[in-house]
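For reference, the chains in residue letters:
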Amino acid sequence: MRTEISVANILKLDVSERIQLVEDVWDSIASVPEAMLLNDKQKKELDGRIAAYHKNPSLGSPWKDVKKRILSKK
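Residues numbered from 1 in each chain as written. Predicted model: local features only at pLDDT ≥ 70, side-chain atom pairs only at ≥ 80, totals over all residues. Heavy atoms only, no water.

(A) Inspection of the environment of Trp63 at higher detail. Relative to the helices and strands, Trp63 is located in helix H4 (residues 63–72). The spacing of Trp63 and Pro33 is 30 residues in sequence and 20 Å in space, taken between C-alpha atoms. (Helix = DSSP H or I, 4+ residues; strand = E, 2+ residues; numbered from the N terminus.)

(B) Representation of the environment of Pro57. Mapped onto the elements, Pro57 comes out in the loop between helix H3 (40–55) and H4. Residue Pro57 is classed as partly exposed on the basis of its relative accessible area of 47%. Pro57 sits 34 residues away from Glu23 along the chain, and the two C-alpha atoms are 25 Å apart. (Buried < 20%, exposed > 50% of the residue type's maximum accessible area, 1.4 Å probe, protein only.)

(C) Representation of H3 within the structure. For H3, which comprises 16 residues, the first-to-last C-alpha distance of 22 Å matches the rise-based estimate of 22 Å (1.5 Å per residue) to within 8%. Between a side-chain oxygen at the N-terminus of H3 and the backbone nitrogen of Lys41 the separation is 3.0 Å; the capping residue is Asn39. (Expected span 1.5 Å × (residues − 1). Polar contact = N/O pair within 3.5 Å; in protein donor to acceptor, adjacent residues only side chain to side chain.)

(D) Molecular detail of the pattern of salt bridges. One pass over the structure, following the stated rule, counts 2 salt bridges. The residue Glu45 makes a salt bridge to Arg49 at a minimum N-O spacing of 2.8 Å. In this pair, Glu45 and Arg49 both sit in helix H3, 4 residues apart, roughly one turn of the helix. Judged by its relative accessible area of 43%, Glu45 falls in the partly exposed class. Taking relative accessible area as the criterion, Arg49 reaches 55% and is therefore assigned exposed. (Salt bridge = Lys/Arg side-chain N within 4 Å of Asp/Glu carboxyl O.)

(E) Structural view of a nonpolar patch on the surface. Together, Leu13, Leu21, Val25, Trp26, Ile29 and Met36 give the surface a local cluster of nonpolar side chains, amounting to about 480 Å² of exposed area. Inspection of the secondary structure assignment puts Leu13 in the loop between helix H1 (7–11) and helix H2 (15–30). (Patch = residues over 30% accessible without salt bridge, like charges linked within 9 Å, V, L, I, M, F, W, Y side chains within 5 Å. Areas by Shrake-Rupley, 256 points an atom, 1.4 Å probe, with all protein chains shown as cover.)

The quantities given are spatial measurements derived from coordinates; they are silent on function.
Here is the structure:
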């Protein structure tokens, strides 16, 4: 059985359900990294971010903390 997905149906979901949907979609995309092609500008940006992280890994916040901050601003 196939469920039709439309913006109208998605907007009927609670915000938490929409967030979960986006996370599920992203996880499905991330599970096939070879399908995500990057252009040179994107590769350069990611290389710079990785280099910055390796230079000072204590900067930044774990995803769970960032997500908590975002969700608490509602």
